[in-house]
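Structural overview
Residues per chain, in single letters:
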Amino acid sequence: MITFESVSKLYPGGTQAVTDLDLQIATGSFTVLVGPSGCGKTTSMRMINRMVAPTSGRILIDGQDVADIRAVTLRLGIGYVLQNAGLFPHRTVLDNIATVQRLLGLSKAQARAKAHEAMERVGLDASLATRYPAQLSGGQKQRVGVARALAADPPILLMDEPFSAVDPIVRLELQQEVAHLQAEIKKTIVMVTHDIDEALILGDRIAVLAPGGVLHQYASPIDILARPATDFVASLVAKDRGFRALSFETLTGLGTTALPVPGPEGLIDMSALAPGWGVRVNRDSGTAAWIDADGAVFGPHPLVPADASLRTGLDAVLASPTSAALLVDGTGNIGSYFTLADLGPLLRPNEQARA
Ligand SMILES: Nc1ncnc2c1ncn2[C@@H]1O[C@H](COP(=O)(O)OP(=O)(O)OP(=O)(O)O)[C@@H](O)[C@H]1O
C-alpha cells in the first residue's frame, strides 16, 4: 500500500504543485494520475521515490515513511519508466535492461540472463539485444524502457507518460501489452497521463488532479464516467462519455435469436432477418461473411463473444450489412445472433445515466 497523507508541494519559485493530497494506492493495483498539464501529476509521482521531497505531509510504503528509507535502497525497489524511455544511448538494449541488476550487484552474465527474460516478457525479439537505442523504433524503445524497469522485479512501477511519444497505433498496442502484463505480474503500478482515455483503459483506479495539484476524484473508471464528482471531472470526461461507458458494460441480458441450421456448404439462410440474405461462419478465423440475394459477399465480420463489452457488440452490428452479429458462447458454440434492436434495452440505461 502506498499512502499519501496530506501531502503538499510548494516549489521554491512559489508554484503550489500539490495541495493536501490524500491517496491510498492498494498493493497490486494500477492507479493512474490524470489531469491537464501542470496539475502536479509528475510531482506527486516523484515524491513516491523521493525524486521530489514534499513540503509537508508524508508518503508511506507499507506503513514506512519513504523519508526514512535511503533514496538508493528505495529506488532499487521501484521501477521507473520515463516518457522518452530514457535509455543510455551508448549501451546496447541488453545492457540497458541489465542496468538495475548490475547496480544490485549481479554479475554481468547473471544480469544479462535476467535481461533476456525481461525482453521476452515485454515482447521484444531477442535479435534486438545487441542493438543500440538509436537503432530502435519509438515503440521498441518504450518496450526496452518497460523491460528495464521490470527486470529487477520491483514491487512498484512508476510510469510517466510512457506512451506519449509513440504514434496512436503503437500506443494502443503498448497499452494493451501493459494491461496484459499487469494482469500477469500484478505489480503496484502508478502511471501519469494527461489522456483520460488512456487512464480509463488502463486504470483500476483513477486520481483526477486539477491545477494546483488538487484531487477532485479518486475512483474506478466506471464511477468516474457515471458519477463525476465535480464539474472539473465532468468536463474532463464529457466528450463521448456515454459511448466510453459502453466499454465497461457487458452484453449480459442480451436478447438473441437462434440461428437456423446451416444448409449446403455451410450457408445459413438468414431470410427471416433480411430477405434473401445468408451468412457463412469461418470458425478458424472467428469471422462470418454475409451474402446478399445477388451472391455479393460482405466481410469478414468478427463473431462476438458472449462476454464481450456492449461497445464491442455495438461496433459489430453497426459494421454489419444486416445490422446483426453472430454470438459465440463460452464453449465456442455459435448458435445465435443479435440485432441493433436487441441492443436497445441494454443501451437505454446508459442513455438515462448520461441525462
Ligand atoms: N523543479 C521545479 N521547480 C519549480 N516549479 C516546478 C518544478 N517542477 C514542476 N514545477 C511546476 O509545478 C507544477 C506542476 O508540475 P508537474 O510537472 O508536477 O505537473 P504535471 O501535471 O506532471 O504536468 P505535465 O503533464 O505538463 O508534465 C507546474 O506548474 C510546474 O511548472
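What counts and what doesn't
Residues numbered from 1 in each chain as written. Predicted model: local features only at pLDDT ≥ 70, side-chain atom pairs only at ≥ 80, totals over all residues. Heavy atoms only, no water. Pairing = 2+ DSSP bridges. Helix = DSSP H or I, 4+ residues; strand = E, 2+ residues; numbered from the N terminus. Phe/Tyr/Trp six-rings, centres within 6.5 Å; stacked < 30°, edge-to-face > 60°. Buried < 20%, exposed > 50% of the residue type's maximum accessible area, 1.4 Å probe, protein only. Lys NZ or Arg CZ within 6 Å of the ring centre and 35° of its normal. Near = heavy atom within 4 Å. Nonpolar A, V, L, I, M, F, W, Y, C, P; charged D, E, K, R; others polar. Domains from an automatic or database assignment. Contact = heavy atoms within 4.5 Å. Buried area = accessible area lost by both parts, 1.4 Å probe.

Quick look at the pairing of strand E15 (residues 297-302) now. Relative to E15, strand E14 (residues 287-291) runs antiparallel, the two sharing 4 bridges. Note that in E15 the partner of Trp290 across the bridge is Phe298. What sits between the antiparallel neighbours E14 and E15 is a turn of 5 residues, in which Gly295 has the positive phi angle 90 degrees.

Now for the packing of aromatic side chains. For any two aromatic rings, the description comes down to two numbers: the centre-to-centre distance and the angle of the planes. Per the stated rule, a full pass over the model turns up 1 aromatic pair. Pairing Trp277 with Phe298 gives two aromatic rings, centres 5.3 Å apart and planes at 45 degrees, and the pair type is tilted. Taken together, the positions of Trp277 in the loop between strand E12 (268-269) and strand E13 (278-282) and Phe298 in strand E15 put the pair 21 residues apart, joining distant regions of the chain. On the basis of relative accessibility, which here comes to 17%, the residue Trp277 falls in the buried class. Taking the relative accessible area as the measure of exposure, Phe298 reaches 33% and is therefore partly exposed. For Arg91, the ring lying beneath its charged end belongs to Phe88, and the centroid distance is 4.6 Å. Lying over the aromatic face of Phe88, Arg148 brings its terminal NZ or CZ to 5.3 Å of the ring centre.

The next point concerns the sheet that holds E13. Reading across the sheet, the 4 strands line up as E12-E13-E14-E15 and stay open at both edges, with antiparallel pairing between neighbours. In the strand order of this sheet, the two ends are held by E12 and E15, each with one partner. Strand direction decides the pairing type here: E12 and E13, joined by 2 bridges, are antiparallel. Along E13, the bridge assignment pairs Asp269 with Gly278.

A few words now on the site of the ligand. Inspection of the region around the ligand gives Tyr11, Thr15, Ala17, Pro36, Ser37, Gly38, Cys39, Gly40, Lys41, Thr42 and Thr43 as its neighbouring residues. Tallying contributions element by element places helix H1 (residues 41-48) first for the shell around the ligand, with 3 residues. Across the shell around the ligand, the residue classes tally to 4 nonpolar, 6 polar and 1 charged.

Glancing now at the domain arrangement of the chain. How big an interface is tends to be stated in terms of the accessible area lost upon association of its parts. Under the domain assignment, the chain is made up of domain 1 (2-247) and domain 2 (257-346). Just the C-alpha atoms count here: the centres of domain 1 and domain 2 sit 41 Å apart. Every contact between the two is made by 4 residues of domain 1 and, on the other side, 5 residues of domain 2. Area buried by domain 1 at its contact with domain 2 is led by Phe243, Leu246 and Ser247, which between them contribute 95% of it.

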